[in-house]
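# Report on the structure
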Amino acid sequence: MTNNPIFRTALLGAVLAAATVSTPAFAAKIKYKNCSKTDERNIKDALSWLKNNMSKVDRKMGKNGLKDWPGGSRKKFVKKLDKNLKFVCKNDKRKCKKNKDGSVLMGKVVPVFKQKTIQLCTNNFFDGQVNYVATIAHEIAHLIRLNAHRTSCKKKYEKPRFSQSVGLAAYHAYKSSTYKASNYTRWCK
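Conventions adopted
Residues numbered from 1 in each chain as written. Predicted model: local features only at pLDDT ≥ 70, side-chain atom pairs only at ≥ 80, totals over all residues. Heavy atoms only, no water. Helix = DSSP H or I, 4+ residues; strand = E, 2+ residues; numbered from the N terminus. Buried < 20%, exposed > 50% of the residue type's maximum accessible area, 1.4 Å probe, protein only. Contact = heavy atoms within 4.5 Å. Disulfide = S-S within 2.5 Å. Core = buried A, V, L, I, M, F, W, Y, C linked by side-chain atoms within 4.5 Å. Pairing = 2+ DSSP bridges. Salt bridge = Lys/Arg side-chain N within 4 Å of Asp/Glu carboxyl O.

Secondary-structure assignment places Asn131 in helix α5 (residues 129–144). Relative accessible area serves as the criterion here: at 3%, Asn131 is assigned to the buried category. Excluding anything up to four places from it in sequence, Asn131 contacts Met106, Phe125, Phe126 and Tyr171.

Bringing the state of the cysteines into the picture now. Applying the stated rule across the entire model yields three disulfides. Covalently, Cys35 is tied to Cys89 through a disulfide, its sulfur atoms 2.1 Å apart. Here Cys35 and Cys89 share a disulfide; its torsion about the S-S bond, 95 degrees, makes the bridge right-handed. Remark: Cys89 occurs in strand β2 (residues 85–89) and Cys35 occurs in the loop between β1 (30–33) and α2 (37–52); sequence separation between them is 54 residues. In this structure, Cys35 and Cys89 share a single accessibility class: buried. Put simply, Cys96 and Cys121 are joined by a disulfide, and their sulfur atoms are 2.0 Å apart. Judged by the sign of its S-S torsion, about -75 degrees, the cystine formed by Cys96 and Cys121 is left-handed. Note that Cys96 is positioned in the loop between β2 and β3 (107–108) and Cys121 in the loop between β4 (117–120) and α5, a separation of 25 residues in sequence. The class for Cys96 is buried, based on a relative accessible area of 9%. Judged by relative accessible area, which is 4%, Cys121 ranks as buried.

On to the nonpolar core, then. In this structure, Ile43, Leu47, Phe77, Phe87 and Ile136 are the most contacted members of the largest nonpolar core, which totals 44 residues. Residue assignment for this core shows that the elements contributing at least two residues are α2, α3 (54–60), α4 (73–81), β2, β4, α5, α6 (153–158) and α7 (162–175). Here this core gets ten residues from one element, more than from any other, and that element is α5.

As a further point, take the environment of Ser48. Tracing the chain through its elements places Ser48 in helix α2. Considering only alpha carbons, one finds Ser48 and Val133, 85 residues apart in sequence, at a separation of 9.3 Å.

With that settled, the discussion passes to the sheet that holds β1. Here four strands make up an open sheet; going across it, the order is β1-β2-β4-β3 and the pairing mixed. Edge positions in the sheet fall to β1 and β3, since each has one partner strand and no second. Direction of pairing for β1 relative to β2: parallel, over a ladder of four bridges. Residue pairing for β2: Lys33 is matched across the bridge by Val88.

Quick look at the pattern of salt bridges now. Per the stated rule, a full pass over the model turns up four salt bridges. Between Glu40 and Lys37 there is a salt bridge, and its shortest N-O distance comes to 3.7 Å. Highlighted residues: Glu40 and Lys37, both in helix α2, separated by three residues, approximately one helical turn. The shortest N-O distance in the salt bridge between Asp82 and Lys51 comes to 2.6 Å. A residue pair is termed long-range when its members are at least 10 positions apart, and Asp82 in the loop between α4 and β2 and Lys51 in helix α2 qualify at 31 residues. Residue Asp82 is classed as partly exposed on the basis of its relative accessible area, which comes to 34%. By relative accessible area, Lys51 is classed as partly exposed at 26%.

Just distances and angles here, no functional claims.
Written out as C-alpha cells, the structure reads:
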C-alpha cells in the first residue's frame, strides 16, 4: 500500500461507498408459494428496486398520459412495500393464459379478500427483471386502490387507469425510457 494520502483517502472513500450500497433489509416478511429460488430472488430484488427508486417512478407518474398518484395513494404504496406480502407463482397454462386481446396475464390480486397476496405468472415474463418490477408495482397498486382494467386494449394504454399507470411508470423508470401509448397500441388486435 502506498503512503500517498490522496490515494488512501480515495481508497477509504471507495470502501465506505461500497459498504453503504446494499439492498435494504425488509421489515416485512415475504412469503412464497410455488416459486422457484430464481423467482424468489427476482421478487425480492424487484421490491428492493421499488423501495430504492420511488423518485424515478414518481417522475413518470402523471406524464405522457399516465395517471398521477391520487390522494394518499403514494404513501399507501410505499407502506405496502414494508408490509407482509405473499407471492404465489401460478404458472399453470389454464391460469396464466393469453387474453382475448393477445396480451398475457402477468399477475393478479384479489384485493378485497387477500390484502397481501400477489399471484405472478412468471412463465409469461419476457423482459427479465423489469417484468417483476412492473408487475409487482401494478399489483400493489390494485391492493391499495380498487380499480378495474380498461376492457379495450387501446384504451388500456391511451387512457390507463391507476394500477396500469403505476405498472407502466415502474417499467419505464426501470428502463430509463419514456412512456408512449403508441408503442403499446400497435400490438392491440
